[in-house]
Amino acid sequence: MRTNQRAPERIVTMQKFFVLLLLALPAVLLTVNTGSSPFAFAAEDELDEELVDVETEDAAVVADETEPEDEPETTKSPDADTYLLFTRPLHATGSQLELPAGYPVEFLVGFTNKGEFEDFVVESVEASFRYAMDFSYFIQNFSAVPYNREVKPGHEATVSYSFLPTESFAGRPFGLNIALNYRDGRGTQFSEAVFNETVQITEVDEGLDGETFFLYVFLAAIVILLLVLGQQFLGSYGKRKRPTAARKVVETGTASTKDVDYEWIPQQTLKQMQNSPKSAPKSSPKQSPRQRKAKAGVQ
(Lines give C-alpha, C1' and ligand atoms only; values in the text may rest on other atoms or scores of the structure.)
Protein backbone atom coordinates (compact mmCIF):
# COMPACT_ATOMS: atom_id res chain seq x y z
CA MET A 1 0.00 0.00 0.00
CA ARG A 2 2.81 2.43 0.82
CA THR A 3 4.45 1.71 -2.52
CA ASN A 4 1.19 2.40 -4.38
CA GLN A 5 0.72 5.68 -2.51
CA ARG A 6 4.25 6.92 -3.18
CA ALA A 7 4.16 6.11 -6.90
CA PRO A 8 1.93 9.12 -7.87
CA GLU A 9 4.06 11.42 -5.71
CA ARG A 10 7.20 10.29 -7.51
CA ILE A 11 5.57 10.83 -10.89
CA VAL A 12 4.56 14.40 -9.97
CA THR A 13 8.07 15.12 -8.64
CA MET A 14 9.64 13.83 -11.87
CA GLN A 15 7.27 15.97 -13.95
CA LYS A 16 8.21 19.10 -11.98
CA PHE A 17 11.92 18.30 -12.32
CA PHE A 18 11.51 17.75 -16.08
CA VAL A 19 9.72 21.10 -16.48
CA LEU A 20 12.39 22.96 -14.50
CA LEU A 21 15.08 21.29 -16.61
CA LEU A 22 13.39 22.42 -19.84
CA LEU A 23 13.18 25.98 -18.54
CA ALA A 24 16.78 26.12 -17.35
CA LEU A 25 18.40 24.35 -20.32
CA PRO A 26 18.02 27.21 -22.88
CA ALA A 27 19.48 29.76 -20.45
CA VAL A 28 22.45 27.50 -19.67
CA LEU A 29 23.14 26.78 -23.33
CA LEU A 30 22.85 30.45 -24.24
CA THR A 31 25.29 31.33 -21.45
CA VAL A 32 27.81 28.81 -22.72
CA ASN A 33 27.36 29.98 -26.32
CA THR A 34 27.86 33.68 -25.61
CA GLY A 35 30.79 33.15 -23.27
CA SER A 36 30.08 34.51 -19.83
CA SER A 37 26.73 36.24 -19.70
CA PRO A 38 23.30 35.37 -21.13
CA PHE A 39 22.66 39.02 -21.89
CA ALA A 40 23.93 40.83 -24.96
CA PHE A 41 25.16 44.37 -24.62
CA ALA A 42 25.20 46.66 -27.62
CA ALA A 43 28.39 48.65 -28.02
CA GLU A 44 28.34 52.03 -29.63
CA ASP A 45 29.90 52.07 -33.04
CA GLU A 46 32.49 54.81 -33.01
CA LEU A 47 32.83 55.97 -36.58
CA ASP A 48 34.31 59.35 -37.33
CA GLU A 49 32.89 61.26 -40.25
CA GLU A 50 36.28 61.42 -41.90
CA LEU A 51 38.35 58.57 -40.43
CA VAL A 52 37.77 55.11 -38.96
CA ASP A 53 40.45 53.57 -36.75
CA VAL A 54 40.44 49.77 -36.90
CA GLU A 55 42.78 47.58 -34.88
CA THR A 56 43.02 43.95 -35.98
CA GLU A 57 45.73 41.33 -36.08
CA ASP A 58 46.25 41.65 -39.81
CA ALA A 59 45.39 45.34 -40.08
CA ALA A 60 47.23 48.42 -38.90
CA VAL A 61 45.85 51.91 -38.43
CA VAL A 62 47.44 54.20 -40.95
CA ALA A 63 45.07 57.15 -40.83
CA ASP A 64 45.85 60.35 -38.98
CA GLU A 65 43.24 62.99 -38.10
CA THR A 66 45.61 65.92 -38.63
CA GLU A 67 47.93 64.73 -41.39
CA PRO A 68 46.28 62.22 -43.72
CA GLU A 69 48.60 60.29 -45.98
CA ASP A 70 48.35 60.90 -49.69
CA GLU A 71 47.49 58.02 -51.97
CA PRO A 72 50.68 56.48 -53.38
CA GLU A 73 51.31 57.07 -57.03
CA THR A 74 50.44 54.18 -59.31
CA THR A 75 53.13 53.20 -61.75
CA LYS A 76 53.04 50.58 -64.46
CA SER A 77 55.68 49.11 -66.72
CA PRO A 78 54.91 49.11 -70.46
CA ASP A 79 56.39 45.59 -70.70
CA ALA A 80 54.02 44.09 -68.10
CA ASP A 81 50.35 43.21 -68.07
CA THR A 82 48.31 42.41 -64.96
CA TYR A 83 44.86 41.00 -64.41
CA LEU A 84 42.68 40.13 -61.41
CA LEU A 85 40.20 37.32 -60.79
CA PHE A 86 38.02 37.02 -57.68
CA THR A 87 37.49 33.39 -56.68
CA ARG A 88 35.58 34.00 -53.44
CA PRO A 89 33.11 35.54 -53.88
CA LEU A 90 32.65 35.41 -57.62
CA HIS A 91 32.40 38.77 -59.33
CA ALA A 92 30.71 39.57 -62.61
CA THR A 93 32.24 42.30 -64.72
CA GLY A 94 30.20 45.50 -64.81
CA SER A 95 28.50 45.00 -61.42
CA GLN A 96 29.47 46.31 -58.01
CA LEU A 97 31.50 43.89 -55.96
CA GLU A 98 29.82 42.75 -52.73
CA LEU A 99 32.00 41.29 -49.98
CA PRO A 100 30.42 39.30 -47.12
CA ALA A 101 31.40 40.62 -43.69
CA GLY A 102 33.22 38.10 -41.52
CA TYR A 103 34.08 35.78 -44.43
CA PRO A 104 37.43 35.54 -46.25
CA VAL A 105 37.82 37.16 -49.65
CA GLU A 106 40.14 35.38 -52.09
CA PHE A 107 41.44 36.46 -55.49
CA LEU A 108 44.21 35.72 -57.98
CA VAL A 109 46.59 38.27 -59.48
CA GLY A 110 48.17 37.43 -62.81
CA PHE A 111 51.36 38.96 -64.21
CA THR A 112 52.63 38.70 -67.80
CA ASN A 113 56.13 39.74 -68.94
CA LYS A 114 55.76 41.09 -72.46
CA GLY A 115 59.38 42.18 -72.70
CA GLU A 116 62.08 40.44 -74.68
CA PHE A 117 65.21 41.01 -72.63
CA GLU A 118 64.42 42.07 -69.06
CA ASP A 119 63.22 39.87 -66.24
CA PHE A 120 60.63 41.00 -63.71
CA VAL A 121 60.28 40.06 -60.06
CA VAL A 122 56.81 40.03 -58.50
CA GLU A 123 57.57 41.24 -54.98
CA SER A 124 54.26 41.51 -53.07
CA VAL A 125 50.54 42.11 -53.12
CA GLU A 126 48.73 44.35 -50.64
CA ALA A 127 45.14 45.49 -50.15
CA SER A 128 43.44 48.25 -48.20
CA PHE A 129 40.02 49.76 -47.54
CA ARG A 130 39.68 53.45 -48.36
CA TYR A 131 37.09 56.07 -47.59
CA ALA A 132 34.50 55.81 -50.36
CA MET A 133 34.27 59.59 -50.88
CA ASP A 134 38.02 60.15 -50.81
CA PHE A 135 40.42 57.33 -51.62
CA SER A 136 43.31 59.20 -49.99
CA TYR A 137 41.99 58.28 -46.53
CA PHE A 138 42.87 54.78 -45.33
CA ILE A 139 40.24 52.90 -43.37
CA GLN A 140 41.96 49.51 -42.99
CA ASN A 141 45.30 48.42 -44.37
CA PHE A 142 45.82 44.67 -44.78
CA SER A 143 49.20 43.01 -44.58
CA ALA A 144 51.37 42.83 -47.67
CA VAL A 145 52.17 39.25 -48.71
CA PRO A 146 55.67 38.85 -50.19
CA TYR A 147 56.26 36.49 -53.13
CA ASN A 148 59.55 37.50 -54.82
CA ARG A 149 58.73 35.40 -57.87
CA GLU A 150 60.89 35.87 -60.96
CA VAL A 151 59.13 36.12 -64.31
CA LYS A 152 61.22 35.71 -67.45
CA PRO A 153 60.38 37.38 -70.80
CA GLY A 154 57.31 35.84 -72.43
CA HIS A 155 56.27 34.03 -69.23
CA GLU A 156 53.40 34.49 -66.81
CA ALA A 157 52.96 34.15 -63.06
CA THR A 158 49.91 33.99 -60.83
CA VAL A 159 49.77 34.68 -57.10
CA SER A 160 46.91 34.39 -54.63
CA TYR A 161 45.83 36.72 -51.85
CA SER A 162 43.09 36.70 -49.23
CA PHE A 163 41.82 39.00 -46.50
CA LEU A 164 38.94 39.09 -44.01
CA PRO A 165 36.54 42.07 -43.84
CA THR A 166 35.53 42.76 -40.26
CA GLU A 167 31.88 42.31 -39.31
CA SER A 168 31.62 45.89 -38.02
CA PHE A 169 31.83 47.13 -41.63
CA ALA A 170 28.63 45.34 -42.66
CA GLY A 171 26.19 47.49 -44.61
CA ARG A 172 28.71 50.19 -45.61
CA PRO A 173 30.47 51.04 -48.87
CA PHE A 174 34.27 51.27 -48.95
CA GLY A 175 36.92 51.78 -51.54
CA LEU A 176 39.00 48.65 -52.15
CA ASN A 177 42.54 49.13 -53.44
CA ILE A 178 44.61 46.11 -54.48
CA ALA A 179 48.19 46.90 -55.47
CA LEU A 180 50.78 44.67 -57.11
CA ASN A 181 54.41 45.58 -56.39
CA TYR A 182 57.11 44.40 -58.80
CA ARG A 183 60.46 45.51 -60.24
CA ASP A 184 62.39 45.04 -63.48
CA GLY A 185 65.91 43.77 -64.04
CA ARG A 186 67.42 47.25 -63.54
CA GLY A 187 65.79 47.58 -60.09
CA THR A 188 63.07 50.03 -61.06
CA GLN A 189 60.12 49.70 -58.67
CA PHE A 190 56.54 49.59 -59.93
CA SER A 191 53.28 49.60 -57.93
CA GLU A 192 50.20 48.97 -60.05
CA ALA A 193 46.64 49.15 -58.72
CA VAL A 194 45.02 46.08 -60.24
CA PHE A 195 41.72 46.95 -58.50
CA ASN A 196 40.62 50.36 -57.26
CA GLU A 197 36.82 50.54 -56.99
CA THR A 198 34.03 50.99 -54.45
CA VAL A 199 32.72 47.77 -52.92
CA GLN A 200 29.76 47.03 -50.65
CA ILE A 201 30.25 45.10 -47.41
CA THR A 202 27.16 42.96 -46.92
CA GLU A 203 25.85 41.18 -43.85
CA VAL A 204 25.33 37.46 -44.38
CA ASP A 205 21.91 36.24 -43.28
CA GLU A 206 22.49 32.74 -41.96
CA GLY A 207 19.66 30.24 -42.07
CA LEU A 208 19.71 29.27 -38.38
CA ASP A 209 22.09 30.85 -35.91
CA GLY A 210 22.64 29.94 -32.28
CA GLU A 211 20.32 32.56 -30.84
CA THR A 212 17.44 31.48 -33.06
CA PHE A 213 17.98 27.83 -32.14
CA PHE A 214 17.93 28.58 -28.40
CA LEU A 215 14.81 30.70 -28.90
CA TYR A 216 13.03 27.75 -30.52
CA VAL A 217 14.16 25.47 -27.68
CA PHE A 218 12.82 27.95 -25.12
CA LEU A 219 9.46 28.19 -26.90
CA ALA A 220 9.22 24.40 -27.10
CA ALA A 221 9.89 24.20 -23.34
CA ILE A 222 7.08 26.68 -22.67
CA VAL A 223 4.67 24.67 -24.84
CA ILE A 224 5.56 21.44 -23.03
CA LEU A 225 5.11 23.18 -19.68
CA LEU A 226 1.65 24.38 -20.66
CA LEU A 227 0.68 20.89 -21.84
CA VAL A 228 1.82 19.32 -18.55
CA LEU A 229 -0.03 21.92 -16.48
CA GLY A 230 -3.15 21.46 -18.59
CA GLN A 231 -3.00 17.70 -18.18
CA GLN A 232 -2.68 18.01 -14.40
CA PHE A 233 -5.54 20.53 -14.23
CA LEU A 234 -7.87 18.36 -16.30
CA GLY A 235 -6.98 15.31 -14.24
CA SER A 236 -7.71 17.02 -10.92
CA TYR A 237 -10.89 18.63 -12.31
CA GLY A 238 -12.19 15.25 -13.51
CA LYS A 239 -11.60 13.67 -10.12
CA ARG A 240 -13.59 16.42 -8.41
CA LYS A 241 -16.56 16.15 -10.78
CA ARG A 242 -16.72 12.34 -10.74
CA PRO A 243 -19.77 11.34 -8.56
CA THR A 244 -19.30 8.73 -5.88
CA ALA A 245 -21.63 5.79 -6.39
CA ALA A 246 -23.80 5.34 -3.28
CA ARG A 247 -24.11 1.78 -2.15
CA LYS A 248 -27.66 0.58 -1.82
CA VAL A 249 -28.37 -1.08 1.50
CA VAL A 250 -30.63 -4.06 1.04
CA GLU A 251 -32.22 -5.56 4.12
CA THR A 252 -32.19 -9.29 3.81
CA GLY A 253 -33.76 -10.07 7.17
CA THR A 254 -32.90 -13.15 9.12
CA ALA A 255 -31.38 -15.82 6.98
CA SER A 256 -31.35 -18.55 9.62
CA THR A 257 -33.89 -19.37 12.36
CA LYS A 258 -31.08 -20.31 14.75
CA ASP A 259 -30.23 -16.62 15.23
CA VAL A 260 -33.83 -15.77 16.33
CA ASP A 261 -34.58 -15.54 20.03
CA TYR A 262 -38.06 -17.07 20.69
CA GLU A 263 -37.94 -16.95 24.51
CA TRP A 264 -39.81 -13.68 24.82
CA ILE A 265 -42.68 -14.95 22.60
CA PRO A 266 -45.49 -16.74 24.44
CA GLN A 267 -45.76 -20.48 23.85
CA GLN A 268 -49.27 -20.20 22.52
CA THR A 269 -48.22 -17.78 19.88
CA LEU A 270 -45.33 -19.98 18.90
CA LYS A 271 -47.66 -22.93 18.46
CA GLN A 272 -49.91 -20.86 16.24
CA MET A 273 -46.94 -19.75 14.15
CA GLN A 274 -45.83 -23.32 13.74
CA ASN A 275 -49.31 -24.49 12.80
CA SER A 276 -49.82 -21.64 10.32
CA PRO A 277 -48.37 -22.61 6.91
CA LYS A 278 -48.02 -18.97 5.76
CA SER A 279 -46.18 -17.70 8.79
CA ALA A 280 -43.95 -20.74 9.15
CA PRO A 281 -40.30 -19.93 8.59
CA LYS A 282 -38.80 -21.00 5.34
CA SER A 283 -36.05 -22.89 7.05
CA SER A 284 -38.49 -25.14 8.96
CA PRO A 285 -38.69 -28.70 7.62
CA LYS A 286 -41.63 -29.59 5.48
CA GLN A 287 -44.31 -31.75 7.11
CA SER A 288 -46.75 -34.02 5.45
CA PRO A 289 -50.52 -33.67 6.06
CA ARG A 290 -50.55 -36.87 8.19
CA GLN A 291 -47.88 -35.45 10.53
CA ARG A 292 -49.84 -32.24 10.89
CA LYS A 293 -53.02 -34.15 11.80
CA ALA A 294 -51.08 -36.22 14.32
CA LYS A 295 -49.71 -33.14 16.00
CA ALA A 296 -53.13 -31.53 16.08
CA GLY A 297 -54.62 -34.64 17.68
CA VAL A 298 -51.93 -34.66 20.34
CA GLN A 299 -52.61 -31.06 21.25
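Residues numbered from 1 in each chain as written. Predicted model: local features only at pLDDT ≥ 70, side-chain atom pairs only at ≥ 80, totals over all residues. Heavy atoms only, no water.

As recorded in an unreviewed UniProt entry, the chain goes by Translocon-associated protein subunit alpha and comes from Anopheles stephensi. Turning to the chain, the UniProt record has this under Subunit (unreviewed entry): "Heterotetramer of TRAP-alpha, TRAP-beta, TRAP-delta and TRAP-gamma. Interacts with palmitoylated calnexin (CALX), the interaction is required for efficient folding of glycosylated proteins." Listed in UniProt under the heading Sequence similarities (unreviewed entry), the comment for the chain reads: "Belongs to the TRAP-alpha family." (UniProt positions renumbered as here; feature names shortened; annotations may be inferred.)

Visitor: Honestly, the overall build of the chain in this entry has me stumped. Any pointers?
Guide: Counting secondary structure elements, the chain contains 4 helices and 10 strands. Listed N to C, the secondary structure of the chain is α-β-β-β-β-β-β-β-β-β-β-α-α-α in terms of helices and strands. Here the analysis covers contacts within the chain between residues at least 6 apart in sequence; of these, 70% occur between residues at least 24 apart. Taken as a whole, the chain presents about 22300 Å² of accessible surface, with 54% of it coming from carbon and sulfur. (Helix = DSSP H or I, 4+ residues; strand = E, 2+ residues; numbered from the N terminus. Contact = heavy atoms within 4.5 Å. Areas by Shrake-Rupley, 256 points an atom, 1.4 Å probe, with all protein chains shown as cover.)

Visitor: Would you take a moment to explain the nonpolar core for this structure?
Guide: Most often, soluble globular proteins keep nonpolar side chains buried together rather than apart. Among the nonpolar cores identified, the biggest contains 32 residues, and Leu99, Phe129, Phe163, Leu176 and Ile178 are the most heavily contacted of them. Leaving out residues up to four positions away in the same chain, leucine 99 has contacts with Pro89, Val105, Phe129, Phe163, Pro165, Leu176, Val199, Gln200, Ile201 and Thr202. (Core = buried A, V, L, I, M, F, W, Y, C linked by side-chain atoms within 4.5 Å. Buried < 20%, exposed > 50% of the residue type's maximum accessible area, 1.4 Å probe, protein only.)

Visitor: Just to check I follow, could you spell out the side chain of serine 136 for this structure?
Guide: Topologically, serine 136 is positioned in strand β6 (residues 134-142). Owing to a relative accessible area of 18%, serine 136 belongs among the buried residues under this scheme. At a separation of 2.8 Å, a polar atom in the side chain of serine 136 contacts the side chain of aspartate 134. (Polar contact = N/O pair within 3.5 Å; in protein donor to acceptor, adjacent residues only side chain to side chain.)

Visitor: Got a minute to help me understand unusual backbone geometry in this structure?
Guide: A cis amide bond, omega -5°, links arginine 88 with the succeeding residue proline 89. Residue placement: proline 89 occurs in the loop between β2 (80-88) and β3 (98-100). The phi angle at asparagine 148 is positive, at roughly 55°, despite the residue not being glycine. Looking at the secondary structure, you find asparagine 148 in strand β7 (residues 145-151). Classification of asparagine 148 by relative accessible area gives exposed; the value is 53%.

Visitor: Sorry, what's going on with the UniProt feature "transmembrane region" (unreviewed entry) in the chain here?
Guide: Following the UniProt record, the feature "transmembrane region" (unreviewed entry) maps to residues 213-234 here. End C-alpha atoms of residues 213-234 are separated by 32 Å, and the span's content is 100% helix alongside 0% strand.

Visitor: Looking at this structure, how should I read the pattern of salt bridges?
Guide: Proximity of charged atoms lets side chains of opposite charge pair with each other. What the rule picks out here adds up to 6 salt bridges. Here arginine 186 makes a salt bridge to glutamate 118, at a shortest N to O gap of 2.8 Å. With arginine 186 in the loop between β9 (173-184) and β10 (189-202) and glutamate 118 in the loop between β4 (105-113) and β5 (120-131), the pair connects residues that are 68 residues apart, well separated along the chain. According to the relative accessible area criterion, arginine 186 is exposed, its value standing at 66%. Across the pair lysine 152 and glutamate 150 runs a salt bridge, and its minimum N-O distance is 3.7 Å. Residues participating in the shared-partner salt-bridge network are Glu118, Asp184 and Arg186. (Salt bridge = Lys/Arg side-chain N within 4 Å of Asp/Glu carboxyl O.)

Visitor: Could you clarify how one ought to interpret the packing of aromatic side chains in this entry?
Guide: Evaluated as defined, the whole model comprises 15 aromatic pairs. Their ring planes at 35° and their centres at 5.4 Å tell us that phenylalanine 107 and tyrosine 161 sit as a pair that is tilted. In this pair, phenylalanine 107 sits in strand β4 while tyrosine 161 sits in strand β8 (residues 156-163), placing the two residues 54 residues apart along the sequence. We classify phenylalanine 107 as buried; its relative accessible area is 1%. Cluster of aromatic residues (ring-pair linked, three or more members): Phe86, Phe107, Phe129, Phe142, Tyr161, Phe163, Phe169, Phe174 and Phe195. The cationic tip of arginine 130 hangs over the ring face of phenylalanine 138; the distance from NZ or CZ to the ring centre is 4.0 Å. (Phe/Tyr/Trp six-rings, centres within 6.5 Å; stacked < 30°, edge-to-face > 60°. Lys NZ or Arg CZ within 6 Å of the ring centre and 35° of its normal.)

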